[in-house]
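# Residue-level structural notes
Here is how the chains run, residue by residue.
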Amino acid sequence: MQTTHTNKLCTPQSDVPDGYIHLSGDLERDSIVNGPGLRAVIWTQGCRQHCPGCQNPETWAEDADLGAMVKIEKVKEELAKLKGQSGITFCGGEPLLQAKACLEIAKFCKEELGWNVWSFTGLIFEQLPREGAVWDFVCELDALIDGPFIMQQRDLTMKFRGSRNQRILHLNHGEIVSIE
Ligand code: SF4
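Quick summary incoming for the structure in this document. Keep in mind the model is a prediction, meaning the values are calculated, not measured.

### Some thoughts on the overall build of the protein
Helices and strands together make up the secondary structure of the protein, namely 4 helices and 9 strands. Listing each helix as α and each strand as β along the protein from the N terminus yields α-β-β-β-β-α-β-α-β-α-β-β-β. Relative to the 2.2 N^0.38 estimate, which gives 16 Å for 180 residues, the radius of gyration of the protein is 15 Å and therefore close to what a compact globule would have. Residue burial in the protein is summarised as follows: out of 180 residues, 38% are buried. Look at the contacts in the protein between residues 6 or more apart in sequence, and 68% of them connect residues 24 or more apart.

### As for the sheet that holds strand 6 (residues 116–120)
Strands sit in the order 2-3-5-6-7-8-9 across an open sheet of 7 strands; the sheet is mixed. The two strands at the open ends of the sheet, each matched to only one other strand, are strand 2 (28–31) and strand 9 (175–179). Taking each pair of neighbouring strands and ignoring which way they run, the sheet shows an average axis angle of 25°. In the sheet, strand 7 (residues 143–146) pairs with strand 8 (residues 167–172) via 4 bridges, with the strands oriented antiparallel. In the strand pairing of strand 8, isoleucine 145 is matched with isoleucine 168.

### Some words on the packing of helix 2 (residues 72–81) against helix 3 (residues 99–111)
Axis separation between helix 2 and helix 3 bottoms out at 10 Å; the angle between their running directions is 30°. Looking at the two axes, helix 2 sits roughly parallel to helix 3. Both helix 2 and helix 3 take part in a crossing whose hand is right-handed. Touching Ile72, Val75, Lys76 and Leu79 of helix 2 are Ala101, Glu104, Ile105, Phe108 and Cys109, all from helix 3. When its residues are assigned to classes, the contact of helix 2 with helix 3 shows 7 nonpolar, no polar and 2 charged.

### So, unusual backbone geometry
Following glycine 92, the chain continues to glycine 93 via a peptide bond in cis, the omega torsion being 0°. In this fold, glycine 93 is placed in the loop between strand 5 (87–91) and helix 3. In this structure, histidine 173 takes a positive phi of about 50° despite not being glycine. Note on placement: histidine 173 falls in the loop between strand 8 and strand 9. What makes histidine 173 exposed here is the crowd of 9 C-beta atoms within 10 Å.

Conventions used here
Residues numbered from 1 in each chain as written. Predicted model: local features only at pLDDT ≥ 70, side-chain atom pairs only at ≥ 80, totals over all residues. Helix = DSSP H or I, 4+ residues; strand = E, 2+ residues; numbered from the N terminus. Rg over C-alpha atoms; globule rule 2.2 N^0.38 Å. Buried ≥ 20, exposed ≤ 12 C-beta atoms within 10 Å, placed from the backbone. Contact = placed C-beta atoms within 7 Å. Pairing = 2+ DSSP bridges. Axes fitted to C-alpha atoms, helices over the stretch in contact; angles between N-to-C directions. Parallel < 35°, antiparallel > 145°, perpendicular 65-115°, else oblique. Left-handed = near helix turned anticlockwise from the far one by under 90°. Nonpolar A, V, L, I, M, F, W, Y, C, P; charged D, E, K, R; others polar.

Have a look at this one:
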């Protein structure tokens, strides 16, 4: 069920201009820890979950002078130069705060580069709004790793995740196909 609380956690960042994405770090390549195969990784800036024990608290603030505002077209250019990647993963921060920008990049990666697309979110899949850019982005995903990091459920043996509550949801147009 969609909740007011959830809405607040994924209401778009107000200070990101159209055509830009607010990044917390450089575009990464050849990652093997954020999904299957060698992957490009996009690190978004801004997260409102504030999970105790989060590994990236520097990505929480949404201030425009933190990280970098990068033109989406520039990100696409950089992605197109990468060789040997099988997919892209959106990490954060909370990618859903910038769902519109992530959607544009995700579509580019799928349609132009033939990559699979994964994303993390600190939100719970069943509580996501079934409309707007957030849902359009989710419908582009091959997999969503959902849920906040919970220190009491920390498990360093889990594939691609930090705590046992987090699920790898394999998706097809927003429908759950399987769960790891
Ligand atoms: S959702 Fe992720 S980035 Fe946000 S506070 Fe929790 S662990 Fe950190």
